[in-house]
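Spelled out from the first residue to the last, the chains are:
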Amino acid sequence: MGRDEAETVALKALGWILDADDERSTFLYASGLGPDDLMRRAGEAELLLAVMDFLLAEDRRVIAFCDATGLRYEALAAVRQALPGGADPHWT
């Protein structure tokens, strides 16, 4: 998967998160971002990685997003890897 495709999927994931009330509030709380910050930074690599990490943190999110978009479940890991900085996760 290329960078452009990965960024497109990550932006779709952000849209999916924002459309789901529970997911939106959880993401905003976890990221510490306000709605204005989120809109201003939507295309930044760091935010797109945070979106993918948020989805990948729970199987139910992976399943719901992939079912809604027609992606294979395992595609999300490839998306994360293809984003700038995505090959080096720093989960601590």
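Residues numbered from 1 in each chain as written. Predicted model: local features only at pLDDT ≥ 70, side-chain atom pairs only at ≥ 80, totals over all residues. Heavy atoms only, no water.

(A) Molecular detail of the pattern of salt bridges. With the rule as written, the count across this model stands at 11 salt bridges. Linking arginine 24 and aspartate 21 is a salt bridge whose minimum nitrogen-to-oxygen distance equals 2.6 Å. Here aspartate 21 and arginine 24 lie together in helix H2 (residues 21-31), a separation of three residues that amounts to about one turn. In this structure, glutamate 44 and arginine 41 form a salt bridge, with 2.8 Å as the shortest nitrogen-oxygen distance. Each of Glu23, Glu58, Arg60 and Arg61 takes part in one network of salt bridges that share partners. (Salt bridge = Lys/Arg side-chain N within 4 Å of Asp/Glu carboxyl O. Helix = DSSP H or I, 4+ residues; strand = E, 2+ residues; numbered from the N terminus.)

(B) Expanded view of the packing of helix H1 (residues 3-19) against H2. Contact geometry of H1 with H2 gives a least axis separation of 5 Å together with a crossing angle of 110°. Between H1 and H2, the angle falls in the class roughly perpendicular. For the pair formed by H1 and H2, the contact residues are Leu14, Trp16, Ile17, Leu18 and Asp19 on the first element and Asp21, Glu23, Arg24 and Phe27 on the second. Residue composition of the contact of H1 with H2, grouped by class: five nonpolar, no polar and four charged. (Axes fitted to C-alpha atoms, helices over the stretch in contact; angles between N-to-C directions. Parallel < 35°, antiparallel > 145°, perpendicular 65-115°, else oblique. Contact = heavy atoms within 4.5 Å. Nonpolar A, V, L, I, M, F, W, Y, C, P; charged D, E, K, R; others polar.)

(C) A look at the layout of surface pockets. In this structure, the largest pocket occupies an estimated 160 Å³ of space. In terms of residue count, the dominant contributor to the lining of the largest pocket is helix H4 (residues 45-56) (four residues). (1 Å grid on protein atoms, 1.4 Å probe; cavity = no way out; pocket = protein on both sides within 12 Å on 5 of 7 lines; lining within 4 Å. Points joined across faces, edges and corners; volume = space filled by probe spheres on them.)

(D) Up close: the packing of aromatic side chains. Taken as a whole, this structure holds two aromatic pairs when the rule is applied. Look at tryptophan 16 and phenylalanine 65: their rings are 5.9 Å apart centre to centre, the planes differ by 70°, and that puts the pair in the edge-to-face class. Taken together, the positions of tryptophan 16 in helix H1 and phenylalanine 65 in helix H5 (residues 59-69) put the pair 49 residues apart, joining distant regions of the chain. For the pair formed by tryptophan 16 and phenylalanine 65, the shared burial category is buried. Judged by centre distance (5.2 Å) and plane angle (75°), the rings of phenylalanine 27 and phenylalanine 54 are edge-to-face. Taken together, the residues phenylalanine 27 in helix H2 and phenylalanine 54 in helix H4 connect sequence positions 27 residues apart. (Phe/Tyr/Trp six-rings, centres within 6.5 Å; stacked < 30°, edge-to-face > 60°. Buried < 20%, exposed > 50% of the residue type's maximum accessible area, 1.4 Å probe, protein only.)

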